[in-house]
Amino acid sequence: MTKGDITTSSNADDAGVPTYPWLAAPAHLKTRRQLRAAGLRPNGQDIAAFMVRKRRRGRKPLVAHLFDLAKAAPKRTASSAQLDAIRKATAEHQARAAERHGISRGELHREVDPGPSWANPTRIKGGKIMSDNTARQQPVPVSADEPPRLGVPAGHSQTMAYLLASVALHRAEEQAYELDQAAADAAMGHTDAQTDIDSARVMAEAQLTRFSWESGRESTMQALAAAIVWRYDPQLAEVATRRMDELISHYAGTYGVVIDADENDVSIDPDFDAQWWQRFTEASVVYDRQAAAVDVLSARALDGRVMEAVMAWHGQPPTPASAEMYLATEKSRRAQLSTALADAGASNTVRSGVEFVVDYLRGDVSGTDLTDTPVLVNPAHEVRGRVGELLERFAERGDSFATAMAREVDVMTIDDQLRVREIGIAIRDGRDDAEMEPWPDWIDRDELADRIRDFARDARDVTAYANDATTDGGLRLDDDVAEMIAGMGRDRAVIGALLTKAGLHPAEKAALTALVADIDLGRVDDRNLPELLLLDERSKRRVDLRRHGHTAHQIAARTGDTVKQLIGAGVDMSPRTEPGWALETVRNDIDALARGGLTPAQLTEARQSFDTNMDGFGRALRGAGVDTPTRVKIRAAVDQGVHAAGKHGKTRAGREQHWRDRLYSATAAVQRHHGPDTQPLPSTSRPRIDREQATAMRLAALAQAHPCGTSTEPAQAANTRRTAHGAGMELARKREREGRA
């Protein structure tokens, strides 16, 4: 199986065509490329089977088309007349290219000395390998008669542009070869070959005419390959040549990457300062992040002096000359903002709200207590984008998922809950008209976060490939890197579409747009993504509890390190030894205790497990020859770690309750003036006046604490958590009213 046979089409669902798991197809079924390698062709047969590999959430599966080996036929051999026709066409293409560069046709046949540069070519040989440029990393003196040697890629942006341009030429060469083969088949009277050529021409025309600079570097690479292939086609020559010249100029002017399409050559302009341009681009992205923070804060009712401090922090945009200093002083300027806010008389709550917005746009909230941040995204509306997935899981798992789904939608408005419950009833009744995506225009934040992580992971892999290839004596191209780049292009398109959906805060759109730019610049990958990608309360809660777990792990790790120091180097404490394994079990018990969230029964079981493991640890220490005073010290160190773990674990319940209060208080904040038709549902148990008053008090405190961070959603009537029984009563009454009408 090769990457060239992989697609992401949905043809695997075609009726009557068998489907096999990845790498599990019978031996007589081969892909088109495997047939070609064996000197065969499909011979016009239909697809015999599919081979499918599932991928991460939100991404289409990889599908390979398989053909029956028994129905294949030998590849056609071109006649001498066809080969002559191809040679004449190639010569004509070369002559036209030479004339565009001011070289007459007669000069093409004049023999000349290739010169010293012939010994070190830079073109791609067969689309596979570039010349050895490693020797050019050090300045080499040249004589007046010897042409200057070209440079090697410097900086992330130039290295990636060099790789993409090389891949574009490689793809163009492969596509041109396939078109030549199809043209030869068409000349022999095969109508399907001409149909393939016409289809490829239509796709290329769409690619060339609909190209947009905002579509990303992967789309630029694909457009360049299409322009190079079709520049001699009578129907597309004009648009393809114009687009090719435009893209080649872009690579040269923006990255210093010189492309010679006629010679199939990619090189580096030695006079282009790639590092200088890289720093300026990075500084521009930092400035854009700060500008977005200013825009968000300008929409809040902040004191004039506070906004003056924010504007002073924003400052003037960087210039190419000041870019390096601008990047170097970014953290110090952020520290100066805190001082300026204090000097402006901002209260602690206002200052924390402003700094949270600023730090989120900077991509670093590591120093922020997320439990004390403004609510910028309405929790009642955040669920809308996830309802489709919740309904699918309900359809798959039935009533076993009903409780979990009710808990998820309980934060929604009454009208939204009724709509979801109606769909749930339709699914349970087996009706085909169930609307699985009631809010298709709303953002699914989980899908967006997953796509960004996939994009960043692929970017790291492609970057490693480019760095290794450009420093190991030549750029070797294979189908793996081309597929990774194509995958990044698909993820980029999906991310761009998701950022246009409803439900995103302006700060989120700006931060994620800048994050994609930082990934392109090599500043960020999947290992150092921002801790908080999105601003909704569910995302904050997830990060806050992750921090809680990280602290728990640190408590356990410190306890283990202290024990090892007390034991000393005389005892092997690696996990493969009995003392080391016993210590590892104790450390895991401390970790579990520090994470908290245990029920009374689980806590009792954990204590029993800890006592058992400690007894085993003591026996292992005695067996290893550790003396009694040291064992006493070890026990004291472990007890101290257990005490710290228990103290930290008890805070888990309080944090969970705090986040529940934030979710439902924030929901009530945007439901105050919703209207008389959707009052809170009646309760079948005790009155809710106390809870409503408590919610109002929490809401008032939240609004006073964060005047700059209240939600921008329209105000609605107060809402509290409702039982499923109350919502069912309201749904029944609604249906009864509709029946009477």
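The structure this text deals with has already been given above.
Draft legend 1. Region of interest: the overall build of the protein. Within the protein, the secondary structure is distributed over 24 helices and nine strands. The buried share of the protein, reckoned over its 741 residues, is 43%. Intrachain contacts of the protein at a sequence separation of at least 6 include 76% that bridge at least 24 residues. Only carbon and sulfur atoms are counted for the fraction: they give 52% of the accessible area of the protein, which is about 37,900 Å².

Draft legend 2. Inspection of the packing of aromatic side chains at higher detail. Inspection of the entire model under this criterion finds four aromatic pairs. Judged by centre distance (6.0 Å) and plane angle (45°), the ring pair of Trp276 and Trp277 falls under tilted. We classify Trp276 as partly exposed; its relative accessible area is 34%. With a centroid separation of 5.8 Å and 55° between ring planes, the pair formed by Trp277 and Phe280 is classed as tilted. Here the residue Trp277 and the residue Phe280 both occupy positions in helix H7 (residues 274-298), the gap between them amounting to three residues, near one helical turn.

Draft legend 3. View of the nonpolar core. Core analysis: the largest hydrophobic core is formed by 62 residues, its most contacted members being Leu163, Leu224, Tyr251, Val257 and Leu448. Contacts of Val257, omitting those with residues within four sequence positions, involve Gln158, Ala161, Tyr162, Ala165, Tyr251, Ala252, Val266, Ser267 and Ile268. Among the nonpolar cores identified, the runner-up in size contains 31 residues, and Ala292, Ala293, Val354 and Val377 belong to it.

Draft legend 4. Quick look at the pairing of strand S6 (residues 62-68). For S6, the tally of buried residues reaches seven of seven residues, placing the bulk of the element in the interior. Strand direction decides the pairing type here: strand S3 (residues 29-30) and S6, joined by two bridges, are antiparallel. Within the sheet, the bridge partner assigned to Lys30 lies in S6 and is Phe67. Of the pairings in the sheet, the one linking strand S5 (residues 49-53) to S6 comprises five bridges and is antiparallel in character. The residue of S6 that forms the bridge with Arg53 is Leu62.

Draft legend 5. A look at helix H5 (residues 217-230). In this model, H5 (14 residues) spans 20 Å end to end at C-alpha, consistent with the 20 Å of a helix rising 1.5 Å per residue. Counting buried residues in H5 gives twelve out of 14 residues, a clear majority hidden from the surface. Buried residues of H5: Arg217, Glu218, Thr220, Met221, Ala223, Leu224, Ala225, Ala226, Ala227, Ile228, Val229 and Trp230, and no others.

Draft legend 6. How the structure looks around helix H13 (residues 387-397). Taken together, the buried positions of H13 are occupied by Val387, Gly388, Leu390, Leu391 and Phe394. Looking straight down H13, one finds that the buried residues subtend no more than 160° of arc, so they occupy a single side. Check the buried side of H13 and you find it contacts helix H14 (402-409) and helix H15 (414-428).

Draft legend 7. Representation of the pairing of strand S9 (residues 265-268). Here S9 shows two buried faces, one formed by Asp265 and Ser267 and the other by Val266 and Ile268. When strand S8 (residues 257-260) meets S9, the two strands line up antiparallel, connected through four bridges. Its bridge partner lying in S9, Asp260 is registered against Asp265. Hairpin remark: S8 followed by S9, antiparallel, with four residues in the connecting loop; positive phi at Asn264, about 55°.

Draft legend 8. The environment of Met188, seen in detail. Considering the arrangement of structural elements, one finds Met188 in the loop between helix H3 (156-187) and helix H4 (191-209). Under the relative-accessibility criterion, Met188 is labelled partly exposed at 39%. For the pair formed by Met188 and Ser79, sequence separation is 109 residues and the distance between their alpha carbons is 9.2 Å.

Draft legend 9. Quick look at the pattern of salt bridges. Tallied over the entire structure, the rule returns 43 salt bridges. Close ionic contact of Glu218 with Arg217 constitutes a salt bridge, the shortest N to O distance being 3.7 Å. Taken as a pair, Glu218 and Arg217 share a single burial class, namely buried. Here Arg453 makes a salt bridge to Asp450, at a shortest N to O gap of 3.6 Å. Of the two residues, Arg453 and Asp450 both sit in helix H16 (residues 445-471), three residues apart, roughly one turn of that helix. By relative accessible area, Arg453 is classed as partly exposed at 33%. A single salt-bridge network, built from bridges that share partners, covers Glu330, Arg334, Glu355, Asp359 and Arg362.

Draft legend 10. Summary view of the environment of Val365. You can see Val365 is positioned in the loop between helix H11 (348-362) and helix H12 (379-382). As for Val365 and Glu355, which are separated by ten residues in sequence, their C-alpha atoms are 9.2 Å apart. Setting aside its immediate chain neighbours within four residues, Val365 contacts Phe356, Asp359, Tyr360, Glu531, Leu532 and Arg547.

Draft legend 11. Unusual backbone geometry, seen in detail. The phi angle at Asn43 is positive, at roughly 65°, despite the residue not being glycine. One can find Asn43 in the loop between strand S4 (40-41) and S5.

Analysis parameters
- Residues numbered from 1 in each chain as written.
- Predicted model: local features only at pLDDT ≥ 70, side-chain atom pairs only at ≥ 80, totals over all residues.
- Heavy atoms only, no water.
- Helix = DSSP H or I, 4+ residues; strand = E, 2+ residues; numbered from the N terminus.
- Buried < 20%, exposed > 50% of the residue type's maximum accessible area, 1.4 Å probe, protein only.
- Contact = heavy atoms within 4.5 Å.
- Areas by Shrake-Rupley, 256 points an atom, 1.4 Å probe, with all protein chains shown as cover.
- Phe/Tyr/Trp six-rings, centres within 6.5 Å; stacked < 30°, edge-to-face > 60°.
- Core = buried A, V, L, I, M, F, W, Y, C linked by side-chain atoms within 4.5 Å.
- Pairing = 2+ DSSP bridges.
- Expected span 1.5 Å × (residues − 1).
- Arc of directions from axis to C-beta.
- Salt bridge = Lys/Arg side-chain N within 4 Å of Asp/Glu carboxyl O.

The analysis is restricted to geometry; functional conclusions fall outside its scope.
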